[in-house]
Every structure is written in C-alpha cells, then in structure tokens.
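# An overview of the molecular structure
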2 protein chains.
Amino acid sequence: MDALDCIHTRRSIRKYEDKDVPDDLIKQILNAAMTAPSAGNQQPWQFIVIKDRVVLGKITEFHEYAQMCKDVHLAILVCADTTSLRHEGMWEQDCSAATQNILLSAHALGLGAVWCGVYPRDAKMNGFSKLLGIPEKIIPFALIPIGYPLQKSSKVDRYKKEKVHKDKW
Amino acid sequence: MDALDCIHTRRSIRKYEDKDVPDDLIKQILNAAMTAPSAGNQQPWQFIVIKDRVVLGKITEFHEYAQMCKDVHLAILVCADTTSLRHEGMWEQDCSAATQNILLSAHALGLGAVWCGVYPRDAKMNGFSKLLGIPEKIIPFALIPIGYPLQKSSKVDRYKKEKVHKDKW
C-alpha cells in the first residue's frame, strides 16, 4: 500500500472478523512500532500482546471505550518504562509515535485497528496494571485492538485551512 | 513509496539542500497531519508554517537542538489549541500522532524531516510564543524542520524481543 494512501485511508476500526491474526503479522506491527522516533532515541516503549480471549473480555470491565475487546482476537497494550528515561516528560510523545506506527502498519497489512486511550486515566491504568500484573514503574499508555476489518476504510478529507498559519500566528 | 518501507526507512534528517519546498508538497504534508486520529476526533492541532529564513534563524537562539534551522528553508510548528478540548489530558497524544504523520508523509514525498521536541520545555515554548506571537492558550508542541535531504535514509532494525510480553507482563 502506498504510504500517503495508508495515512489517508486509515480509519478507527471497531468491528472485526472472528479470526486470529497470524504471529508474523503481529511481529511486523511490533517492528513498525519500535521503528518510531523517540527523544534522544530513548525508546521507552514496552508492548503486551494480548491474544487470550478471557483476558481481552476482562478489559471491557474497566475500559468503557474498549467494548470491541469482547469480539477481537488481538490487542496490543503500549506501555512506557519510566525507569530509564534520558529525557523526562517526553515519553508520552515517544509512545504516541509508536502507537501511530501500529495503526498505520496494521492498516498497510490489511488489518483494522483503533487507538483506545488509557493514560492519563487512573481507573484504566490501574485496571490494566492489576489485570496484567504490570509493575509500578511501567505505565499502561494505550490499547490497540487489531483484527480483520468488517468496516470499509474510505478516504476522508480533514484539511482545514483555518488551522494553517504563515510565519506567525 | 510503500507504507511499511516508509515507516522503516524514515530517519531523522538534519542536513538539507539549499532549496525551497514547493507549496503543494507543504499542503500534502499538512493534510497528512490533519488526518491523524485524535481523542473523540477533537483535532486540537494548529500549524505554523515557517518559511521566513530570518525567523527560522532566530529559533536557534532558544532551541539548542534546532540548529539545523540556520540552513533549512521550511519548518512546521505543531501547536495545540487548548480552548476547546473535549477530552482533557489527551492533546499531547493527538499532536504526536499528527507529528508522526508529518515525518512519514515528508519522507514519502522525498523530503527529510526531524522531530524537535518543544513541549513541555518552558524556555522553548516561551521562545516560540514570543517569536511567533502565539496566544496564551495555544501551546507550541513540536517543531519539524523539513527539506530535501543531504543524508541517506537506510533501513534500521530496532526490534527488541525483550520488549514484547505475551498476555501479561
């Protein structure tokens, strides 16, 4: 898939076929995530690949916007390891760039995904920490359910010229 | 350019040809930025397109990591409009997704770019607010110098299997 087409036809996909995502595609998606830029190349990210349907179902008990986890066969939880940051205050940006690469690479591979916000919502962060046994200094950041899409991906035009300023505000 | 190749061959580019970037490419990059996902589709981003070489040069006075602005012909400052957020605490993630789309679309168009962090560094944020006349509720978030690259973009492998966990930490 062409890179610009990929950016423009990526949509938030919340309905999926009842079908597993093969491990080699999961690895390609994780590889794309780890290729994201980060502050001073600090790469603060960690990933929990969730395929256990019982675990996926339990996410819906504390994340009201992740109800698609009842049906999906795969979700990736992006976390931040805050124990070895070289640039304080930048890990949210690093993990966001990795998350965007996950969404784009999943779409490029014929899959559909959606960014479910976790950080900085305490109830959701605590829900994941308890469910997945995540240590204190590791912060659950974003959940991305991924599956074979049952929704179509059409191109949208969100360009708004009033958001563009020239040389000054 | 293939989408996965684009993700894997994008590098931080800090040396550029002495050459303007055409307006139609700038618009394509901004369009890609505005196509990013955001929390509840709140699209909090604003963009300042800086082409004035005098203004670009002044950035180097308060941003030590943006010295390439002495040579570049274009930089985009991604800002956040915090006056109409529907989902508090998520705008950093929204603006990061837009910034990653800027980096990827620039690379897909044959350009080179680099993410220079601004938020949450007060001196850099204040420097931009003063230089560009940015109102109080608009937050300077990230600067992306963009030009025709003088550096090569090679593929890197940053995959680290120790960053991948299965079904639990």
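What counts as what
- Residues numbered from 1 in each chain as written.
- Chains lettered and ligands numbered in written order.
- Predicted model: local features only at pLDDT ≥ 70, side-chain atom pairs only at ≥ 80, totals over all residues.
- Least-squares fit on C-alpha atoms with pLDDT ≥ 70 in both.
- Contact = placed C-beta atoms within 7 Å.
- Helix = DSSP H or I, 4+ residues; strand = E, 2+ residues; numbered from the N terminus.
- Nonpolar A, V, L, I, M, F, W, Y, C, P; charged D, E, K, R; others polar.
- Axes fitted to C-alpha atoms, helices over the stretch in contact; angles between N-to-C directions.
- Left-handed = near helix turned anticlockwise from the far one by under 90°.

So, about the relation of the copies chain A and chain B. When chain A is brought onto chain B, the operation consists of a screw motion whose angular component is 180 degrees and whose axial shift is 0.0 Å, with 0.0 Å RMSD remaining. Taken together, the rotation angle and the small translation identify this as a two-fold axis. Considering only C-alpha atoms, the residue of chain A closest to the rotation axis is Ala3(A), which sits at 1.9 Å.

Quick look at the interface of chain A and chain B now. Contacts between the two partners involve 57 residues from chain A and, on the opposite side, 57 residues from chain B. Where the side of chain A that touches chain B is concerned, the elements lending two or more residues are helix H1 (3–9), helix H2 (23–34), strand S1 (45–50), helix H4 (91–108) and strand S6 (164–166) of chain A. Top element by residues in the side of chain A that touches chain B is H4(A). It accounts for ten residues. Residues belonging to the side of chain A that touches chain B are distributed by class as follows: 32 nonpolar, 15 polar and ten charged.

Residues and elements named next belong to chain B. Taken N-terminus to C-terminus, the directions of helix H2 (residues 23–34) and helix H4 (residues 91–108) make an angle of 145 degrees; their axes are 7 Å apart at the nearest point. Classified by chirality, the crossing of H4 by H2 is right-handed. Listed contacts from H4 to Gln 28, Ile 29, Ala 32, Ala 33 and Met 34 of H2 are Ala 98, Asn 101, Ile 102, Ser 105 and Ala 106. Tallied by class, the residues present in the contact of H2 with H4 amount to seven nonpolar, three polar and no charged.

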